[in-house]
Amino acid sequence: MALEKVLQHIDDELDAALARLDGFLRIPSISTDPAYSEDVARAADWLVGTLNDIGFSAERHDTLGHPMVVSPPMGADGPHVKFYGHYDVQPVDPLELWESDPFDPQIIDTPKGKIIRARGTADDKGQLMTFVEACRAWKTVTGTLPIRVSLFFEGEEESGSPSLIPYLEDHKDDLHSDLVLICDTGMVTPETPSIVTMLRGMVSQEVTITGADVDLHSGFFGGTARNPIHVLATALAGLHDETGRVTLPGFYDNVRDVPETVAQQWQDLPFDGDGFLNAVGLSVSAGETGRSVLEQTWARPTAEVNGIWGGYTGDGFKTVIPSKASAKVSFRLVAGQDPDQVAKAFKDHVRAHLPPDCSAAFADFSHAAASSFDISLPAFEKARRVLSEEWGAPAAFVGCGGSIPIAGHFQSLIGTEPMLIGFGQDDDGLHSPNEKYDLRSFHKGMRSWARILDALSE
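Residues numbered from 1 in each chain as written. Predicted model: local features only at pLDDT ≥ 70, side-chain atom pairs only at ≥ 80, totals over all residues. Heavy atoms only, no water.

In this structure the tally under the stated criterion is 33 salt bridges. For E381, the salt bridge is made with R384, and the minimal N-O distance between the two is 3.2 Å. Remark: R384 and E381 occur in helix α13 (residues 378–391); sequence separation between them is three residues, near one turn of the helix. Measuring nitrogen to oxygen at the nearest pair gives 2.5 Å for the salt bridge that ties D438 to K436. K436 carries the same exposure label as D438, and that label is buried. (Salt bridge = Lys/Arg side-chain N within 4 Å of Asp/Glu carboxyl O. Helix = DSSP H or I, 4+ residues; strand = E, 2+ residues; numbered from the N terminus. Buried < 20%, exposed > 50% of the residue type's maximum accessible area, 1.4 Å probe, protein only.)

And the structure:
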């Protein structure tokens, strides 16, 4: 059977795959810092060369920002899947907290097993290479791929993807496929392979309440002048009721519970909600009453205050009534919620709390809708079946509390349904010093993608 030979080849050639990953990780492709622009381009060229060595016809497409790396479909007749990943990485600061050079990859023995430590191992170079190496194995063993596969790699994901939407809009026809595979996620537990089927959206705003023209002496004006900190605190405190629900009118109008079959999968997961909180020094869930921790973090919308300031906050003491008070507020959204409506409802809420002599100003940041994916497509159940076989544990359809905008862009701009499968672990340290990727995740990730390609050919 071809699949068994491919899996054996992956096992036999693990050291060679690690050597190629090592070369990729050594390129400091930090997209947000202009000082590394040549290195980002060098990483794109490295990918082009690697992909063409396998047999893809990959090309580097320059943009006003960093390059895209794309390849047309290659493989046997049948379904066409596109694989997306990003080859840029986060800055490494603070460098002094790294235990080794972030761009000198190290394979290290730990009590939990071997890890690969370097910037970009888990986010996203190591994950990206699990798919590339699975394709290499199929091509080496059989001379082709079991289905048609095209590739799309971005170099700006860690810096806001300024070139992405214009590129997608300009290349809609070229980028269309039957399914887009994205490997930028993780496993819900170290033993539970996971397919992300929903991503939360985001609304983030800054609000500033202004009272008097200048800061005032509290001895002269205390008790008679309006304090903007009081006004702001009252408005923010009113965002939730005593059950943890958000109070904005219409906030839950189109929010639905997860399907019963998915809810049962979540209930069966070996996930310890109390342990999840205990690990960060907490003991009691502060979300909606009656909702599990997984529901609260994956499938329910939230309102959070991310920062607040006003008046004097330096050393010592200064008795002022501040002229201004500000806060940064974000809302995580789920499918059915309109980001623009949520933003408007928040502004209306603040204005409703304004007393005489106070005004409110707002700065809009992110407005992104949530994404949910069609798990009725046969590809989802095929992938879940073979992931379960590879990892020896039932794979689960899961949610993700964060946002991965590319998934929604493929849905709305290209008309292609995404499927998100990743092998990261909670302790990988994404964006942090000493980022790592488990060697087991890299090895079994390659084997998993080999199985999925085979299953999608059925």
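This part takes up empty space enclosed by the protein. This model, assessed by the stated rule, comprises one cavity of 30 Å³ or more. The calculated volume of the largest cavity comes to roughly 30 Å³. Taken together, R256, D257, V258, R291, E295, A299 and R300 make up the full set of residues lining the largest cavity. Of the residues in the lining of the largest cavity, the class split is two nonpolar, no polar and five charged. (1 Å grid on protein atoms, 1.4 Å probe; cavity = no way out; pocket = protein on both sides within 12 Å on 5 of 7 lines; lining within 4 Å. Points joined across faces, edges and corners; volume = space filled by probe spheres on them. Nonpolar A, V, L, I, M, F, W, Y, C, P; charged D, E, K, R; others polar.)

Looking at where L164 falls in the secondary structure, it is placed in helix α5 (residues 164–170). Measuring from C-alpha to C-alpha, the distance between L164 and H409 comes to 9.1 Å, with 245 residues separating the pair along the chain. Not counting the four nearest positions on each side in its chain, L164 is found in contact with M68, F152, E154, E156, I406 and H409. (Contact = heavy atoms within 4.5 Å.)

What follows concerns the nonpolar core. Core analysis: the biggest nonpolar cluster contains 97 residues, and V149, F152, F153, F442 and W449 have the highest contact counts within it. Beyond its immediate sequence surroundings of up to four residues, V149 is in contact with F56, P72, P73, M74, V81, F131, C135 and L453. Judged by nonpolar contacts, the second largest core, of 25 residues, contains L236, L248, A325 and V342. (Core = buried A, V, L, I, M, F, W, Y, C linked by side-chain atoms within 4.5 Å.)

Under the counting rule described, the total for this entry stands at 17 aromatic pairs. Centroid distance F152 to F410: 6.3 Å. Interplanar angle 80 degrees. Geometry classified as edge-to-face. In this pair, F152 is assigned in strand β6 (residues 148–154) and F410 in helix α14 (residues 405–414), connecting sequence segments 258 residues apart. In this structure, F152 and F410 share a single accessibility class: buried. (Phe/Tyr/Trp six-rings, centres within 6.5 Å; stacked < 30°, edge-to-face > 60°.)

Okay, the sheet that holds strand β13 (residues 324–333) next. The sheet built from four strands is open, its strands ordered β11-β13-β9-β14 with antiparallel pairing. On the outer flanks of this sheet lie β11 (302–310) and β14 (359–368), each paired with one strand and no other. Taken over all neighbouring pairs, the strand axes of this sheet differ in orientation by 15 degrees on average, direction set aside. Relative to β13, β11 is paired through eight bridges, and the arrangement is antiparallel. (Pairing = 2+ DSSP bridges. Axes fitted to C-alpha atoms, helices over the stretch in contact; angles between N-to-C directions.)

Summarising the sheet, strand β4 (residues 106–110) and strand β5 (residues 113–117) pair through five bridges and their orientation is antiparallel. Following the sheet pairing, I107 is matched in β5 by I116. In this structure, the hairpin formed by β4 and β5 is closed by a connection of two residues.

Given a rise of 1.5 Å per residue, 18 residues ought to cover 26 Å, and the 26 Å separating the end C-alpha atoms of helix α15 (residues 439–456) matches this to within 8%. With respect to burial, α15 is a largely interior element, 16 of its 18 residues being buried. (Expected span 1.5 Å × (residues − 1).)

Function-wise, these values are silent; they only describe arrangement.
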